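Analysis of the macromolecular model
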Amino acid sequence: MNLISLDLSTKPGYAVFLDNKLVTYGTLWATKKAEEFGTYPFNYILFSQHVAQRLYSEVIRPALQTAQGPVHVIIEETTGGAGNNYSQKKLEFIHYSVLELL
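Everything quoted here is computed from the prediction, not taken from an experiment.

1. What about the packing of aromatic side chains?
According to the stated counting rule, one finds 4 aromatic pairs in the structure shown. Between phenylalanine 37 and phenylalanine 47 the ring centres are 6.0 Å apart and the planes differ by 65°, which places this aromatic pair in the edge-to-face class. Here phenylalanine 37, found in the loop between strand 3 (21–27) and helix 1 (42–66), pairs with phenylalanine 47, found in helix 1; they are 10 residues apart in sequence, far enough to count as distant. Taken as a pair, phenylalanine 37 and phenylalanine 47 share a single burial class, namely buried. With centroids separated by 5.6 Å and ring planes inclined at 85°, the aromatic side chains of tyrosine 40 and tyrosine 86 adopt a geometry described as edge-to-face. Linking tyrosine 40 in the loop between strand 3 and helix 1 with tyrosine 86 in helix 2 (residues 85–101), this pair joins segments that are 46 residues apart in sequence.

So this is what it looks like as structure tokens:
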């Protein structure tokens, strides 16, 4: 079985299993902050697309090109908490952007 497991955030974690073997894992450390993409709320959209594009080009596409057979993508579910509303909003935008790419 081929799996890509994603823990989405502003610094997403990932693990890739091909043919039931862990082949790579890590964290994509942020190269930019949301504030660098302009003014709110549009910067959240652009920032989330940036994170999603990095995940796709650095993790997902290489796994798809290497895998023999279908690849299942597993993404941790988001839940609203008592934390920072803006952090939660970034997370939701990132989830959407990754799903849109997939």
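Back to the text.
2. A word on the pattern of salt bridges
Enumeration over the complete set of coordinates arrives at 1 salt bridge. Among the salt bridges present, the one from arginine 54 reaches glutamate 58, with a minimum N-O distance of 3.1 Å. Taken as a pair, arginine 54 and glutamate 58 lie in helix 1 at a separation of 4 residues, close to a single helical turn. Residue arginine 54 is classed as buried on the basis of its relative accessible area of 17%. Judged by its relative accessible area of 43%, glutamate 58 falls in the partly exposed class.

3. Thoughts on a negative patch on the surface
A cluster of acidic residues, Asp7, Glu76, Glu77 and Glu92, forms a negative patch at the surface. Inspection of the secondary structure assignment puts glutamate 77 in the loop between strand 4 (71–75) and helix 2. Looking at glutamate 77, the relative accessible area reads 66%, which means it is exposed.

4. Some points on the sheet that holds strand 1 (residues 2–7)
Spatial strand order, 3-2-1-4: 4 strands in an open sheet with mixed pairing. In the strand order of this sheet, the two ends are held by strand 3 and strand 4, each with one partner. On average, each strand axis in the sheet is inclined to that of its neighbour by 15°, with strand direction left out of account. Where strand 2 (residues 13–18) meets strand 3, 6 bridges bridge the pair, whose relative direction is antiparallel. What sits directly across from valine 16, in strand 3, is threonine 24.

5. Let's talk about the packing of helix 1 against helix 2
As a packed pair, helix 1 and helix 2 sit with axes 8 Å apart at the nearest point and diverge in direction by 50°. If you check the angle between helix 1 and helix 2, you find them oblique. Along this stretch, helix 1 crosses helix 2, giving a crossing that reads as right-handed. Note on element contacts: helix 2 touches helix 1 through Tyr86, Lys89, Lys90, Phe93, Ile94, Ser97, Val98 and Leu101, opposite Tyr44, Ile45, Phe47, Ser48, Gln49, Val51, Ala52, Gln53, Leu55 and Tyr56. For the contact of helix 1 with helix 2, the class distribution of residues is 12 nonpolar, 4 polar and 2 charged.

The rules behind these values
- Residues numbered from 1 in each chain as written.
- Predicted model: local features only at pLDDT ≥ 70, side-chain atom pairs only at ≥ 80, totals over all residues.
- Heavy atoms only, no water.
- Phe/Tyr/Trp six-rings, centres within 6.5 Å; stacked < 30°, edge-to-face > 60°.
- Helix = DSSP H or I, 4+ residues; strand = E, 2+ residues; numbered from the N terminus.
- Buried < 20%, exposed > 50% of the residue type's maximum accessible area, 1.4 Å probe, protein only.
- Salt bridge = Lys/Arg side-chain N within 4 Å of Asp/Glu carboxyl O.
- Patch = residues over 30% accessible without salt bridge, like charges linked within 9 Å, V, L, I, M, F, W, Y side chains within 5 Å.
- Areas by Shrake-Rupley, 256 points an atom, 1.4 Å probe, with all protein chains shown as cover.
- Lys, Arg positive; Asp, Glu negative; His and termini not counted.
- Charge placed at Lys NZ, Arg CZ, Asp CG, Glu CD.
- Pairing = 2+ DSSP bridges.
- Axes fitted to C-alpha atoms, helices over the stretch in contact; angles between N-to-C directions.
- Parallel < 35°, antiparallel > 145°, perpendicular 65-115°, else oblique.
- Left-handed = near helix turned anticlockwise from the far one by under 90°.
- Contact = heavy atoms within 4.5 Å.
- Nonpolar A, V, L, I, M, F, W, Y, C, P; charged D, E, K, R; others polar.

Nothing here speaks to function; it is geometry throughout.
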